[in-house]
There are 2 protein chains.
Amino acid sequence: VIINSANFTEEIAFSTPWFDLLARTLPGHASPMYSLKLPDYVSVVAETADNQIVLVKQYRAAVDRITTEIPSGYVDPGETPETAALRELAEETGYAADPATLQLAGVLTPDTGRIGNRLWCFYVKAHKMAAPPAPEHGIESLTCDAPRLMELIGKGEFECALHVAVLFLCATRGFLKINSLT
Amino acid sequence: VIINSANFTEEIAFSTPWFDLLARTLPGHASPMYSLKLPDYVSVVAETADNQIVLVKQYRAAVDRITTEIPSGYVDPGETPETAALRELAEETGYAADPATLQLAGVLTPDTGRIGNRLWCFYVKAHKMAAPPAPEHGIESLTCDAPRLMELIGKGEFECALHVAVLFLCATRGFLKINSLT
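Residues numbered from 1 in each chain as written. Chains lettered and ligands numbered in written order. Predicted model: local features only at pLDDT ≥ 70, side-chain atom pairs only at ≥ 80, totals over all residues. Heavy atoms only, no water.

Undergrad: Help me understand the overall build of chain A, please; the structure alone is not making it clear to me.
TA: Broken down by element type, chain A carries 3 helices and 11 strands. Going from N to C terminus, chain A has its helices and strands arranged as β-β-β-β-β-β-β-α-β-β-β-β-α-α. Looking at chain A residue by residue over its 182 residues, the buried ones come to 55%. Considering only contacts within chain A whose residues lie at least 6 apart along the sequence, 59% involve residues at least 24 apart. Summed over its atoms, the accessible surface of chain A is roughly 7,700 Å², and 52% of this surface lies on carbon and sulfur atoms. Averaging the locations of the 14 positively and 22 negatively charged side chains of chain A gives two centres separated by 5 Å. (Helix = DSSP H or I, 4+ residues; strand = E, 2+ residues; numbered from the N terminus. Buried < 20%, exposed > 50% of the residue type's maximum accessible area, 1.4 Å probe, protein only. Contact = heavy atoms within 4.5 Å. Areas by Shrake-Rupley, 256 points an atom, 1.4 Å probe, with all protein chains shown as cover. Lys, Arg positive; Asp, Glu negative; His and termini not counted. Charge placed at Lys NZ, Arg CZ, Asp CG, Glu CD.)

In C-alpha cells:
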C-alpha cells in the first residue's frame with residue numbers, strides 16, 4: 001500500500017544560509033523524514049555557433065575536489081528560472097546567451113529522497129561577451145565539443161548527475177547532438 | 001583562481017538516522033559550507049527479456065508526492081555496490097537479476113554542491129521471481145517499455161534527475177535503447 005496523503009507536521013531542524021534542513025513527521029510515524037528545503041536550481045547547456053559547450057570548473061566543498069560542470073545556480077527570489085539561467089551563464093562564464101534561442105528542456109527533481117526543490121533544465125545558444133564581467137571568485141570557464149564532453153563523462157571527469165540529466169533532456173529533445181559513450 | 005587545496009575543518013552540525021549534515025570551514029572563510037554525508041547510492045535499470053523496464057512507485061516525503069523511479073537505495077556497510085543494486089531490485093520489485101548481465105554504466109556524484117556521496121549506476125537483465133519476497137512497505141512495482149518511459153519523462157512523471165542520469169549512461173553505453181522526447 002502506497003502512502004498517498006501526507007498531513008505531516010513539519011519543523012526546521014537546522015538552518016544554514018543556503019538551505020534549511022526540514023523534519024517532516026508523517027501520521028503514525030515516530031521519527032521524522034529529513035530533507036533539504038532550498039530555492040530551485042537552474043542549469044543550462046550553452047552552445048556556441050561552432051558547437052562548443054560552455055563549462056565551469058570550481059572547487060566543491062561537498063566532494064572536496066574540483067569539478068567540471070555546466071553553469072548552474074539558484075533561482076533568486078523574484079526571478080524567473082529563465083532569467084536565472086541566463087544570469088548564471090553570464091556570471092560564471094562571461095558568455096552571453098541569445099535569449100530567443102532559450103529552450104526549456106524539462107523540469108526535474110534533483111533527489112526525490114533528500115531534496116525538495118526542482119531543477120530547471122535549459123538549452124541556449126551563446127557567444128563570448130566582448131566585455132565580460134569580472135569572473136565569479138573561484139570559478140573558471142572552459143569550452144569543449146560534445147565528443148570531448150562524452151569523453152569527460154566516460155572518464156568520470158564530468159560527474160554531476162544533475163547535469164548529466166540535463167544533457168539527457170537536451171539530447172533526447174534534439175537540442176544537442178551527442179555520441180555514444182565508449 | 002580556483003581553490004585547489006582544502007585543509008578544511010569539519011564538524012557534524014546535525015545528525016539524522018539516514019545522513020549527517022557536515023559543516024566544512026575552508027581556510028580563510030568565516031562561515032562553513034554545509035553538505036550531506038551519507039552512504040553511496042545505487043540505482044539500477046532492470047530490463048526484462050521482452051524489454052520492459054522495472055519501475056517503483058512510492059510516496060516521497062521530501063517532495064510530498066508519489067514518484068515513479070528506478071529501483072535504488074543505499075549501499076549498506078560491508079556491501080559492494082553490485083550486491084546493493086541486486087538487493088534493492090529484489091526488495092523493491094520482486095524481480096531477480098541475472099548477475100552475469102550486470103553492467104556498471106558509470107559512477108556519478110548526485111549533487112556536487114550539496115551531497116558528498118557517489119551514485120553507482122547499473123544495468124541488468126531481470127525476470128519476475130516465482131516466489132518474490134513480501135514487498136517493501138509503501139513501495140509498488142510496475143513495468144513499462146522504453147517509449148512509455150520517455151513519455152513519462154516528457155510529462156514530468158519520471159522526474160528524479162539522478163535516475164534520468166542513469167538512463168543517460170545506460171543509453172549512451174548502448175545497454176538500453178531509447179527514443180526521442182517529443
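Undergrad: Teacher, can you tell me more about the sheet that holds strand E2 (residues 20–25) of chain B here?
TA: Hydrogen bonds between backbone atoms are what pair the strands of a sheet, whose relative direction is either parallel or antiparallel. All names here are of chain B. Taking strand neighbours across the sheet as the criterion, the 3 strands line up as E1-E2-E3 in an open arrangement whose pairing is antiparallel. The open sheet has two free edges, formed respectively by strand E1 (9–15) and strand E3 (33–37), since each of these has just one partner strand. Neighbour-to-neighbour, the strand axes of the sheet open up by a mean angle of 30 degrees, direction not taken into account. Pairing analysis gives 6 bridges linking E1 to E2, with the strands arranged antiparallel. Looking across to E2, one finds that Ser15 is bridged to Asp20. (Pairing = 2+ DSSP bridges. Axes fitted to C-alpha atoms, helices over the stretch in contact; angles between N-to-C directions.)

Undergrad: How do you make sense of the interface of chain B and chain A when you look at a structure like this?
TA: At the junction of the two partners, chain B supplies 68 residues and chain A supplies 68 residues. Of the roughly 5,900 Å² buried between chain B and chain A on both sides combined, carbon and sulfur atoms contribute 68%. Here chain B is connected to chain A by 0 salt bridges. Between chain B and chain A we count 18 residue pairs in polar contact (both at pLDDT 80 or more) in total. Looking at side-chain class alone, the side of chain B that touches chain A contains 41 nonpolar, 15 polar and 12 charged residues. (Buried area = accessible area lost by both parts, 1.4 Å probe. Salt bridge = Lys/Arg side-chain N within 4 Å of Asp/Glu carboxyl O. Polar contact = N/O pair within 3.5 Å; in protein donor to acceptor, adjacent residues only side chain to side chain. Nonpolar A, V, L, I, M, F, W, Y, C, P; charged D, E, K, R; others polar.)

Undergrad: Please clarify how the sheet that holds strand E3 (residues 33–37) of chain A should be interpreted in this entry.
TA: All names here are of chain A. Here 3 strands make up an open sheet; going across it, the order is E1-E2-E3 and the pairing antiparallel. Each having just a single partner strand, strand E1 (9–15) and E3 make up the two edges of the open sheet. Sheet twist, expressed as the average angle between the axes of neighbouring strands with direction ignored, equals 30 degrees.

Undergrad: What am I meant to see in the relation of the copies chain B and chain A here?
TA: Mapping one chain copy onto the other needs a rotation about an axis and a shift along that axis. In screw terms, the move from chain B to chain A is a rotation of 180 degrees and a rise of 0.0 Å along the axis, fitting with an RMSD of 0.0 Å. Given the turn and translation reported, the copies of this chain are related as if by a two-fold rotation axis. When each C-alpha of chain B is compared by its distance to the rotation axis, Ala165 of chain B comes out closest, at 2.1 Å. A symmetric contact is evident, with 100% of the interface residues of chain B recurring at the interface of chain A. (Least-squares fit on C-alpha atoms with pLDDT ≥ 70 in both.)

Undergrad: Please clarify how the confidence of the model for chain A should be interpreted in this entry.
TA: Low-confidence regions, as indicated by low pLDDT, have predicted coordinates that should not be scrutinised in detail. Mean pLDDT over chain A: 94, with 97% of residues reaching 70 or higher. Here the complex is predicted with pTM 0.96, and the ipTM for its interfaces comes to 0.96. (pLDDT = per-residue confidence, 0-100.)

Undergrad: Is there a simple way to think about the nonpolar core in this case?
TA: Within soluble globular proteins, side chains that are nonpolar generally end up buried alongside one another. Counting 76 residues, the largest nonpolar core has Val45, Ile153 and Phe158 of chain A together with Val45, Ile153 and Phe158 of chain B as the members making the most contacts within it. Setting aside residues no more than four positions away along its own chain, Val45 of chain B makes contact with Ile53, Ile70, Phe122, Tyr123, Val124, Val166, Leu167, Cys170 and Leu176 of chain B. (Core = buried A, V, L, I, M, F, W, Y, C linked by side-chain atoms within 4.5 Å.)

Undergrad: What is the right way to read the side chain of Arg60 of chain B from this model?
TA: As for its position among the elements, Arg60 of chain B is in strand E5 (residues 53–60). A relative accessible area of 18% places Arg60 of chain B in the buried class. Side-chain polar atoms of Arg60 of chain B contact the side chain of Glu69 of chain B, separated by 3.0 Å. Here Arg60 of chain B is in contact with Thr112 and Gly113 of chain A together with Arg65, Thr67, Glu69 and Ser72 of chain B, once residues within four sequence places are set aside.

Undergrad: Would you explain helix H2 (residues 146–154) of chain B in this entry?
TA: Along an α-helix, residues three or four apart share an orientation, since each turn contains 3.6 residues. Those residues of H2 of chain B not exposed but buried are Ala146, Leu149, Met150, Leu152 and Ile153 of chain B. Each buried residue of H2 of chain B sits inside an arc of 155 degrees when the element is viewed along its axis, so together they form one side. Tucked into the core, H2 of chain B has its buried residues touching helix H3 (161–172) of chain A together with E5, strand E11 (139–144) and helix H3 (161–172) of chain B. Measuring from the side-chain oxygen of the N-cap residue of H2 of chain B to the backbone nitrogen of Arg148 of chain B gives 3.0 Å; that N-cap residue is Asp145 of chain B. (Arc of directions from axis to C-beta.)

Undergrad: Which parts of the structure should I look at to understand the environment of Leu162 of chain B?
TA: Here Leu162 of chain B is to be found in helix H3. Sequence separation between Leu162 of chain B and Pro39 of chain B is 123 residues; the distance between their C-alpha atoms is 15 Å. Those residues in contact with Leu162 of chain B that lie beyond four places of it in its chain are Pro110, Asp111, Ala161 and Leu162 of chain A together with Tyr41, Pro110 and Leu119 of chain B.

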